[in-house]
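# Fold and contact review
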Protein chains: 2
Amino acid sequence: MRQLEEKILKDGKVLEGGILKVDNFLNHQVDVAFLKKLAQEVYDHYKDAGVTKILTVEASGIPLATLVADIFSVNLLIAKKHKSLNISNNVYFSKVFSFTHKQENIIMVSKEYLHSGERVLIVDDFLANGNAGLGLVDIVRQAGAVPVGISCAIEKSFQSGHDLLVKEGIDVFSLARIKSMSENSLEFVK
Amino acid sequence: MRQLEEKILKDGKVLEGGILKVDNFLNHQVDVAFLKKLAQEVYDHYKDAGVTKILTVEASGIPLATLVADIFSVNLLIAKKHKSLNISNNVYFSKVFSFTHKQENIIMVSKEYLHSGERVLIVDDFLANGNAGLGLVDIVRQAGAVPVGISCAIEKSFQSGHDLLVKEGIDVFSLARIKSMSENSLEFVK
């Protein structure tokens, strides 16, 4: 999505360690009017997929996921993140290693809110190594539901997440795909 | 707001320790269509207050805050929560004790995104002892900005938060105000 690419070039900063800082419009300060445009693109891509629920994981994907759920007129389900497994039998969970925080988290959703046969669209702000996405797909499948796709605002296409998810049979749709980045340059997938 | 009161009576569960579980529409599964109605009520209350920014703290207030920011056509700012103070000079921060998690957290926002003269509406899902709200008010004032109000979906009016915030001169607007609750009964402020 050209507008998002332009916004990343204008407002994004590449920090040491391969971190792309876009906290002036995406995940600290949130430009909600702009995110609505992203949400509309997500809708346009999956509008015929029979989506019955949007799934994200706390916290930074929630604004975009909320706006996507609004356009689809379906409920949003927010997976909770925990450091340890101290959980009732009443949840689906998956283990996810966070490279940003260098630790393993448990992500979980209540079995009450995810059912067999549902068609679930996963939405997040970033896709990099795909760990969070794979964990969410795992949870959706545990419930007997169908992961109809994963849509992210920004994909680091030079990391493995996109390909791993495609291998899992997932329709991955990222609004901006970064081919390479360094402190001096940032290039998108054509 | 009568519709919210009815929803709490129908779907809410009071757990041990004074916890009101409303995770089937507010903070785990999120009924976005219903939250839009709440957001509209918030807008109606503060529409003449000259709001320039919505502020919330991660994570469970984000869906409502996103929808409120959308109606006001202003940016949303999401305060980050940290367990320890390992922070640059470039942030405003405040210490907040969480009774739910029995620990002190630091909440913070980047100085880049909160400026003198801004008129900030704080939005969250719950108001109980008011610690998070007071911390956010503190941050807004550190920036030289004006906290025009605090709006929450559900207020536990039998706890001290509402009065503490009113004493700080804040316009508190809660959409449902719980006077008392136990496992067998739940009563709203008339």
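As the structure is a prediction and not an experimental result, all values here were calculated from the model.

Basis of the calculations
- Residues numbered from 1 in each chain as written.
- Chains lettered and ligands numbered in written order.
- Predicted model: local features only at pLDDT ≥ 70, side-chain atom pairs only at ≥ 80, totals over all residues.
- Heavy atoms only, no water.
- Helix = DSSP H or I, 4+ residues; strand = E, 2+ residues; numbered from the N terminus.
- Rg over C-alpha atoms; globule rule 2.2 N^0.38 Å.
- Buried < 20%, exposed > 50% of the residue type's maximum accessible area, 1.4 Å probe, protein only.
- Contact = heavy atoms within 4.5 Å.
- Lys, Arg positive; Asp, Glu negative; His and termini not counted.
- Charge placed at Lys NZ, Arg CZ, Asp CG, Glu CD.
- Core = buried A, V, L, I, M, F, W, Y, C linked by side-chain atoms within 4.5 Å.
- Salt bridge = Lys/Arg side-chain N within 4 Å of Asp/Glu carboxyl O.

## Considerations on the overall build of chain A
Helix and strand content of chain A: 5 helices and 11 strands. Against the compact-globule benchmark of 16 Å for 190 residues, chain A has a radius of gyration of 16 Å, which places it among compact chains. Overall size of chain A, expressed as C-alpha extent along the three principal axes, is 50 × 35 × 30 Å. Buried positions account for 55% of the 190 residues belonging to chain A. For chain A, restricting intrachain contacts to residue pairs at least 6 apart in sequence, the fraction spanning at least 24 positions comes to 60%. With 22 positive and 23 negative side-chain charges, chain A shows a separation of 1 Å between the mean positions of the two kinds.

## A few points about the nonpolar core
Counting 83 residues, the largest nonpolar core has Leu4(A), Ile54(A), Leu121(A), Leu4(B), Ile54(B) and Leu121(B) as its most contacted members. Apart from residues no more than four positions distant in its own chain, Leu4(B) is found in contact with Phe25(B), Phe34(B), Leu38(B), Ala153(B), Ile154(B), Leu175(B) and Ala176(B).

## What to know about the side chain of Ser151(B)
Position of Ser151(B) among the secondary structure elements: in strand S9 (residues 146-156). Residues in contact with Ser151(B), not counting those within four places in the same chain, are Val42(B), Tyr46(B), Leu121(B), Ile122(B), Val123(B), Asp124(B) and Phe173(B).

## Let's talk about the pattern of salt bridges
In the structure shown here, the tally under the stated rule is 20 salt bridges over all chains. The salt bridge partner of Asp70(A) is Lys36(B), with a shortest N-O separation of 3.0 Å. Highlighted residues: Asp70(A) in helix H3 (residues 62-72) and Lys36(B) in helix H2 (residues 32-46), drawn from two different chains. For Lys36(B), a relative accessible area of 36% corresponds to the partly exposed category. Taken together, the shared-partner salt bridges connect Lys21(A), Asp23(A) and Glu112(B) into one network.

## A closer look at the environment of Ser180(A)
All names here are of chain A. Within the secondary structure layout, Ser180 lies in strand S10 (residues 172-181). Given a relative accessible area of 29%, Ser180 falls into the partly exposed group. Spatially, the C-alpha atoms of Ser180 and Gly18 are 9.8 Å apart, while their sequence positions differ by 162 residues. For Ser180, the contacting residues outside a window of four places in its chain are Phe158, Ser185, Leu186 and Glu187.

These values are about where atoms sit, not about what they do.
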